[in-house]
Amino acid sequence: MRLLLVLIAAVFPACCEVLLSDDFDDGNADGWTELPSPGVSYTVEDGMYRLHGTWPDEILAASLNGDEAGSMSTPDYSTTVRVTAADGGFGLIARFSPFAFTGYVAYFDEVYNIVVIARIDGPSSDPVPIGMMYCDILPDTEYRVRFETSGGMLGAKIWIGDPGDEPTNWLVMVNDSTYPQAGAMGLCALDTNTGGTASIDASYDDVVVTNDVTLGLEAGTWGGIKAGFR
């Protein structure tokens, strides 16, 4: 934990408040609420939080947290993690209500090589994609990921390297004000294999949530996103 705090101080400016952080070096995932799901296991191994398992057709793992009684104290926050997935896709959750099962997810799919921001509209509905961009997602590769919410704006990035290598531009940026509440942040892993066996194996580390949000709409950026859907 001490090393993580040193890295946080070096990377984030003084005006940036760290709301939540966990490097799992204590060997446990205390404070995380693990959603029960058939075939899923949650373990801390070698200082990383591993979401893994298999199940016929589809499997989903999600673990939630917040800086205030399991929820975030503000709806505007930015989450960064280090993640390696040996199998299945992985993602970050924001503004999630475990009671209504609503919120948002940034999902990184290694099968279709896409990054999707989707809206979660309840337990009986499939997530609704509201933004997408193609990106090579390779298994057994360490990535850093950022998912940010600010007002009605949501943005996602993914890159290889150190925090200082983070790209300036958002890979996917969308506008959706359906769920403005703070909710919980979270980590997730998902795989579907209709008629077969679905499998997930994603390990997370260096989770940092801050109130330093930088999302903003520029005409050129928004035009590029819309052009990607044509």
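Small disclaimer: the values here were computed from a predicted structure and weren't measured.

J.: Break down the overall build of the chain for me, citing the residues and quoting the values.
T.: Check the secondary structure of the chain and you find 2 helices and 13 strands. Burial statistics for the chain: of 230 residues in total, 49% are counted as buried. Considering only contacts in the chain between residues 6 or more positions apart, those separated by 24 or more positions represent 63%. Per element, the accessible surface of the chain, about 10700 Å² overall, is 53% carbon and sulfur.

J.: Explain the layout of surface pockets to me, and be specific about the residues and the numbers.
T.: In this structure, the largest pocket encloses a volume near 930 Å³. E58, L60, P127, L190 and T192 are the residues nearest the centre of the largest pocket, which is lined by 35 residues in total. At the level of secondary structure, the elements contributing two or more residues to the lining of the largest pocket comprise β4 (48-65), β6 (89-97), β7 (102-109), β8 (114-121) and β13 (184-210). Among the elements that line the lining of the largest pocket, the one with the most residues is β4, at 6 residues. Here the residues of the lining of the largest pocket are counted per class, giving 24 nonpolar, 6 polar and 5 charged.

J.: Any chance you could break down the nonpolar core for me, citing the residues and the numbers?
T.: With 44 residues, the main nonpolar core has Y49, F90, F108, F147, M185, L187 and Y204 as its most contacted residues. Among the elements that line this core, the one with the most residues is β13, at 9 residues.

J.: Give a description of the packing of aromatic side chains that names residues and reports values.
T.: This model, assessed by the stated rule, comprises 7 aromatic pairs. Relative to Y143, the ring of F90 has its centre 6.4 Å away and its plane inclined at 25 degrees; by these criteria the two rings are stacked. Pair noted here: F90 is in strand β6 and Y143 is in strand β10 (residues 142-150), with a separation of 53 residues, a long-range link. Of the two residues, F90 and Y143, both sit in the buried class. Centroid distance F96 to F101: 5.0 Å. Interplanar angle 80 degrees. Geometry classified as edge-to-face. Through successive ring pairs, a cluster of aromatic residues spans F24, W32 and Y49. The ring of W170 carries the charged tip of K157 above its face, separated from the ring centre by 4.5 Å.

J.: Go over the pattern of salt bridges with me, naming the residues and quoting the values.
T.: Where charged atoms from two side chains of opposite charge approach closely, those side chains can pair. Evaluation of the coordinates by the stated rule reveals 10 salt bridges. The partner of R146 in a salt bridge is E166, and the shortest N-O contact between them spans 2.6 Å. With R146 in strand β10 and E166 in the loop between β11 (153-159) and β12 (172-175), this residue pair connects regions lying 20 residues apart in the sequence. Taken together, the shared-partner salt bridges in this structure form one network comprising R82, E142, D205 and D206.

J.: Report on the side chain of T149, specifying residues and quantitative values.
T.: Mapped onto the fold, T149 is located in strand β10. Judged by its relative accessible area of 0%, T149 falls in the buried class. A distance of 2.8 Å separates the side chain of T149 from the backbone oxygen of P75, its partner in a polar contact. If near-sequence neighbours (up to four positions away) are discounted, T149 is found in contact with P75, D76, Y77, A94, R95, L154, V213 and L215.

J.: Give a detailed account of the environment of Y112, specifying residues and quantitative values.
T.: Residue position: Y112 is located in the loop between β7 and β8. Between the alpha carbons of Y112 and Y134 there is a distance of 8.2 Å; along the sequence they are 22 residues apart.

J.: Any details on the environment of G183? Residues and values, ideally.
T.: Looking at where G183 falls in the secondary structure, it is placed in the loop between β12 and β13. Classification of G183 by relative accessible area gives buried; the value is 12%. Measuring from C-alpha to C-alpha, the distance between G183 and S97 comes to 5.3 Å, with 86 residues separating the pair along the chain. The contacts of G183, once residues within four sequence positions are left out, are S71, M72, Y77, R95 and F96.

J.: Describe the pairing of strand β5 (residues 77-87), and please don't skip the residues or the numbers.
T.: Among the 11 residues of β5, 8 are classified as buried, and the element is accordingly described as predominantly covered. For β5 and β10, the ladder comprises 8 bridges, and the chain directions are antiparallel. Within the sheet, the bridge partner assigned to V83 lies in β10 and is Y143. Inspection of the sheet shows β5 paired to β13 by 8 bridges, in the antiparallel sense. Bridge pairing in β13 places V83 opposite Y204.

Calculation criteria
Residues numbered from 1 in each chain as written. Predicted model: local features only at pLDDT ≥ 70, side-chain atom pairs only at ≥ 80, totals over all residues. Heavy atoms only, no water. Helix = DSSP H or I, 4+ residues; strand = E, 2+ residues; numbered from the N terminus. Buried < 20%, exposed > 50% of the residue type's maximum accessible area, 1.4 Å probe, protein only. Contact = heavy atoms within 4.5 Å. Areas by Shrake-Rupley, 256 points an atom, 1.4 Å probe, with all protein chains shown as cover. 1 Å grid on protein atoms, 1.4 Å probe; cavity = no way out; pocket = protein on both sides within 12 Å on 5 of 7 lines; lining within 4 Å. Points joined across faces, edges and corners; volume = space filled by probe spheres on them. Nonpolar A, V, L, I, M, F, W, Y, C, P; charged D, E, K, R; others polar. Core = buried A, V, L, I, M, F, W, Y, C linked by side-chain atoms within 4.5 Å. Phe/Tyr/Trp six-rings, centres within 6.5 Å; stacked < 30°, edge-to-face > 60°. Lys NZ or Arg CZ within 6 Å of the ring centre and 35° of its normal. Salt bridge = Lys/Arg side-chain N within 4 Å of Asp/Glu carboxyl O. Polar contact = N/O pair within 3.5 Å; in protein donor to acceptor, adjacent residues only side chain to side chain. Pairing = 2+ DSSP bridges.

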